[in-house]
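Each chain, written out:
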Amino acid sequence: MAATDRITMTMRELDRFKVIQSVVDGQLKPWRAAERLLLTTRQVRRLAARLREQGPPGLNLNGVVPDNARLDAQNLPKIRMPNRNGFVSNLQPTVR
């Protein structure tokens, strides 16, 4: 990441970054980070690997919906999900 690049993080994401960075630096064990973040140890290890590979932008939440977004019946259909073309509709009748 270049020195001029910026990313926007919520306080929650910044706290998560600091804890995962401590795991990457070897200052904190994954199981302890998992306790702090209310995640599993596996999730913490995967986040640490993502941080090593992608840097801080890799820890941003999925970016589909901002944290402060208000979801209601009007704006929910406007959200473009990343896997929107990967779903197959079930055209078979439901057996009852």
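What you see is a predicted model, and the numbers here were worked out from it, not measured in a lab. (Residues numbered from 1 in each chain as written. Predicted model: local features only at pLDDT ≥ 70, side-chain atom pairs only at ≥ 80, totals over all residues. Heavy atoms only, no water.)

**Quick word on the side chain of Ser22**
Tracing the sequence through the fold places Ser22 in helix 1 (residues 11-24). If we skip the residues at most four places from it in the chain, Ser22 touches Gln27 and Leu28. (Helix = DSSP H or I, 4+ residues; strand = E, 2+ residues; numbered from the N terminus. Contact = heavy atoms within 4.5 Å.)

**Quick word on the pattern of salt bridges**
By the definition in use, this model includes one salt bridge. Measuring nitrogen to oxygen at the nearest pair gives 3.2 Å for the salt bridge that ties Arg32 to Glu35. Pair noted here: Arg32 and Glu35 are both in helix 2 (residues 30-37), with a separation of three residues, about one helical turn. When its relative accessible area of 35% is taken as the criterion, Arg32 is described as partly exposed. On the basis of relative accessibility, which here comes to 48%, the residue Glu35 falls in the partly exposed class. (Salt bridge = Lys/Arg side-chain N within 4 Å of Asp/Glu carboxyl O. Buried < 20%, exposed > 50% of the residue type's maximum accessible area, 1.4 Å probe, protein only.)

**Observations regarding the nonpolar core**
Counting eleven residues, the largest nonpolar core consists of Phe17, Val19, Ile20, Val23, Leu28, Ala33, Ala34, Val44, Leu47, Ala48 and Leu51. Taken together, the elements giving at least two residues each to this core come down to helix 1, helix 2 and helix 3 (41-54). Not counting the four nearest positions on each side in its chain, Val44 is found in contact with Ile20, Val23, Pro30, Ala33, Ala34 and Leu39. (Core = buried A, V, L, I, M, F, W, Y, C linked by side-chain atoms within 4.5 Å.)

**Notes on unusual backbone geometry**
A negative phi angle characterises most non-glycine residues, just as the trans form characterises most peptide bonds. Despite not being glycine, Leu38 has its phi angle at roughly 60 degrees, a positive value. Looking at the element boundaries, Leu38 is found in the loop between helix 2 and helix 3. Assessed through its relative accessible area of 77%, Leu38 is described here as exposed.

**Here we look at the packing of helix 1 against helix 3**
For the pair helix 1 and helix 3, interaxial distance at closest approach is 9 Å and the crossing angle is 85 degrees. In terms of their interaxial angle, helix 1 and helix 3 are classed as roughly perpendicular. The residues of helix 3 that touch helix 1, namely those facing Arg16, Phe17, Ile20, Gln21, Val23 and Val24, are Val44, Leu47, Ala48, Leu51 and Arg52. (Axes fitted to C-alpha atoms, helices over the stretch in contact; angles between N-to-C directions. Parallel < 35°, antiparallel > 145°, perpendicular 65-115°, else oblique.)

**Some details on the packing of helix 1 against helix 2**
Following both chains from N to C, one finds helix 1 and helix 2 inclined at 170 degrees, their axes separated by 9 Å at the closest point. As judged from the angle between their axes, helix 1 and helix 2 are roughly antiparallel. Mapping the contact onto sequence places Arg16, Val19, Ile20 and Val23 in helix 1 and Pro30, Ala33 and Leu37 in helix 2. Looking at side-chain class alone, the contact of helix 1 with helix 2 contains six nonpolar, no polar and one charged residues. (Nonpolar A, V, L, I, M, F, W, Y, C, P; charged D, E, K, R; others polar.)

**A short note on helix 1**
For helix 1, with 14 residues, the first-to-last C-alpha span of 20 Å sits near the 20 Å given by 1.5 Å per residue. Taken as a whole, helix 1 has its buried residues at Glu13, Arg16, Phe17, Val19, Ile20, Ser22 and Val23. Looking at the buried side of helix 1, the elements it contacts are helix 2 and helix 3. Once helix 1 finishes, Gly26 follows within two positions and takes phi at roughly 85 degrees, a positive value. (Expected span 1.5 Å × (residues − 1).)

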